[in-house]
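Spelled out from the first residue to the last, the chains are:
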Amino acid sequence: MNDSGNRKAAILLMALGEDLAAATLSKMATAQVQAVGVAMSRLNHVSNDELAEVLAEFRAETEQLSALHLGSGNYIRAVLQKALGDERASNLLEDILQPEAPRGGIERLNELESGEVAELIRDEHPQIIATLLVHLDRSKASEVLEKLPARLRHDVIVRVATFGGVQPAALAELTDVLSDMLSGEGLKRSRLGGVRTAAEIVNLMGTTQEQEAIAHVRAQDETLAQRIVDEMFVFENLLGLDDRGIQRVLKDIEAESLIIALKGAPQELRDKFLGNMSQRAAETLREDMEMRGPVRVSQVEAEQKAILQVVRRLADSGEVVIAAPGTDDFI
């Protein structure tokens with residue numbers, strides 16, 4: 001939508017009330033939510049005439065409605081939390097309420113090869129490394145971690161999982177060490193780590209390194225390790241996708257990858273994928289799986305992780321909705 005369309009959408013959502021607005025936002029892609037959220041944050045007053053015009057376009061009643069006097073910050077927060085959950089809402093709120101804030105230099109690390117980033121940060125203090133990694137794309141952070149020495153990798157994961165924000169001293173140190181690359185630009189606290197961030201990063205690592213990392217955290221803090229495991233998105237969680245979601249995922253994955261991934265999947269999940277294919281495609285896939293014979297566990301795990309990355313991408317863009325592990329919530 002253009003700016004005019006976003007404003008009209010924002011006015012309508014304000015008029016609907018939190019529950020209906022939240023239900024509407026939950027069906028929208030993240031980029032759309034952010035665009036409409038920005039428009040909502042910029043609304044200070046809506047006249048009766050404008051409100052009536054907007055509602056008429058959406059075939060709503062206008063006679064009983066009065067002008068909206070908006071204190072939008074709390075409303076936006078409540079709606080986003082209902083629509084997206086606390087964590088996704090928190091990550092979006094700062095972008096929405098401060099859309100003109102300059103982008104931190106850390107984002108530019110995403111443009112470097114993971115090996116280059118690893119070489120750049122491997123000699124820094126683990127707390128600085130953790131601060132950098134929580135600002136990277138999850139897949140890039142995972143790749144960088146895999147290239148670090150095991151002992152350092154495990155230490156950093158614990159720090160990511162227990163990280164609550166950038167303290168002034170840590171921020172100053174980070175700015176000094178990476179001044180040329182980061183130019184001293186600000187870091188957004190809302191994007192920082194925590195259990196969910198650690199789980200997303202660890203989940204993208206190789207299976208052996210993933211298991212070693214969890215074992216290391218468990219040795220230090222059993223409860224923290226279990227919280228990370230509980231947040232990790234595994235292949236079996238695809239059972240939480242509805243049929244439409246499975247069909248969307250099938251469009252973006254290769255048949256060869258699916259054949260190998262399903263070799264190590266429970267029958268229920270196999271049936272879910274096969275049931276969302278045409279009869280001919282399902283029969284072909286079954287035959288290919290039978291003909292393939294034994295497959296190395298490492299190969300199965302690699303293909304499952306590749307498919308999970310596709311699902312994560314689609315979930316982040318709002319194209320599929322998946323139930324969070326062990327809950328009735330959605331992510």
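Since the structure is predicted, the reported quantities are computational estimates derived from the model, not experimental observations.

**Observations regarding the overall build of the protein**
Now for step 1: Assigned secondary structure in the protein consists of 20 helices and two strands.
Now for step 2: Residues classed as buried in the protein amount to 44% of the 331 residues present.
Now for step 3: Across the protein, the fraction of contacts at a sequence separation of at least 24, relative to all contacts at a separation of at least 6, is 76%.
Now for step 4: In the structure as shown, the protein presents an accessible area of about 17,300 Å², 46% of it carried by carbon and sulfur atoms.

**What about the nonpolar core?**
Now for step 1: Judged by nonpolar contacts, the single largest core of 35 residues is most densely connected at Leu-133, Leu-145, Val-156 and Ile-228.
Now for step 2: Counting only elements with at least two residues in this core, the list comes to helix 7 (114-121), helix 8 (126-133), helix 9 (138-146), helix 10 (150-161), helix 13 (195-203), helix 14 (207-220) and helix 15 (222-231).
Now for step 3: Ranked by the residues each element gives to this core, the list is headed by helix 10, at six residues.
Now for step 4: Not counting chain neighbours up to four residues away, the residues in contact with Leu-145 comprise Leu-133, Arg-153, Val-156, Ile-157, Ile-201 and Met-205.
Now for step 5: Among the nonpolar cores identified, the runner-up in size contains 26 residues, and Phe-233, Ile-246, Leu-285 and Val-320 belong to it.

**Comments concerning the pattern of salt bridges**
Now for step 1: Going through the model one piece at a time under the given rule, you end up with nine salt bridges.
Now for step 2: For Asp-252, the salt bridge goes to Arg-248, with nearest N and O atoms at 2.9 Å.
Now for step 3: A salt bridge links Glu-256 to Arg-292, with the shortest nitrogen-to-oxygen separation between them at 2.7 Å. Of this pair, Glu-256 sits in helix 17 (residues 255-263) while Arg-292 sits in helix 19 (residues 279-292), and the two are 36 residues apart along the sequence.
Now for step 4: Overall, the relative accessible area of 41% leaves Glu-256 in the partly exposed class.
Now for step 5: In this structure Arg-292 comes out as partly exposed when scored by relative accessible area, which is 31%.
Now for step 6: Look at the salt bridges and you will find they share partners, linking Arg-248, Asp-252, Arg-313 and Glu-319 into a network.

**Description of helix 9**
Now for step 1: Three or more residues of helix 9 are buried, namely Lys-140, Ala-141, Ser-142, Val-144 and Leu-145.
Now for step 2: Contact partners of the buried residues in helix 9: helix 7, helix 8, helix 10 and helix 13.

**Details of the packing of helix 13 against helix 15**
The geometry of a pair of packed helices is captured by two quantities: the angle between their axes and the separation between those axes.
Now for step 1: Where helix 13 contacts helix 15, the two axes come as close as 8 Å, and the packing angle between them is 65°. Our pair here, helix 13 against helix 15, has a crossing hand that is right-handed. Here Val-195, Arg-196, Ala-198 and Ala-199 of helix 13 lie close against helix 15, whose contacting residues are Leu-224, Arg-227, Ile-228 and Glu-231.

**Topic: the confidence of the model for the protein**
Now for step 1: Looking at the protein, pLDDT values average 75 and 72% of them are 70 or higher.
Now for step 2: A low-confidence stretch, residues 99-105 (pLDDT under 50), is modelled with 10 contacts involving residues beyond four sequence positions or located in other chains.
Now for step 3: For the stretch residues 324-331, pLDDT sits under 50, and the model shows 18 contacts to residues farther than four places along the chain or on other chains.

**Here's the deal with the packing of helix 10 against helix 13**
Now for step 1: In contact at an axis separation of 7 Å, helix 10 and helix 13 are set at 145° when each is read in the N-to-C sense. Mapping the contact onto sequence places Ile-157, Val-160 and Ala-161 in helix 10 and Val-195, Thr-197, Ala-198, Ile-201 and Val-202 in helix 13.
Now for step 2: Its residues assigned to classes, the contact of helix 10 with helix 13 comprises seven nonpolar, one polar and no charged.

**Considering the environment of Val-300**
Now for step 1: Considering the arrangement of structural elements, one finds Val-300 in helix 20 (residues 297-316).
Now for step 2: Residue class for Val-300 comes out buried when judged on its relative accessible area of 8%.
Now for step 3: A C-alpha to C-alpha distance of 7.0 Å links Val-300 and Lys-263, two positions 37 residues apart in sequence.
Now for step 4: Apart from residues lying up to four places away in sequence, Val-300 is in contact with Ile-260, Ala-261, Lys-263, Gly-264 and Val-295.

Thresholds, definitions, all that
- Residues numbered from 1 in each chain as written.
- Predicted model: local features only at pLDDT ≥ 70, side-chain atom pairs only at ≥ 80, totals over all residues.
- Heavy atoms only, no water.
- Helix = DSSP H or I, 4+ residues; strand = E, 2+ residues; numbered from the N terminus.
- Buried < 20%, exposed > 50% of the residue type's maximum accessible area, 1.4 Å probe, protein only.
- Contact = heavy atoms within 4.5 Å.
- Areas by Shrake-Rupley, 256 points an atom, 1.4 Å probe, with all protein chains shown as cover.
- Core = buried A, V, L, I, M, F, W, Y, C linked by side-chain atoms within 4.5 Å.
- Salt bridge = Lys/Arg side-chain N within 4 Å of Asp/Glu carboxyl O.
- Axes fitted to C-alpha atoms, helices over the stretch in contact; angles between N-to-C directions.
- Left-handed = near helix turned anticlockwise from the far one by under 90°.
- pLDDT = per-residue confidence, 0-100.
- Nonpolar A, V, L, I, M, F, W, Y, C, P; charged D, E, K, R; others polar.

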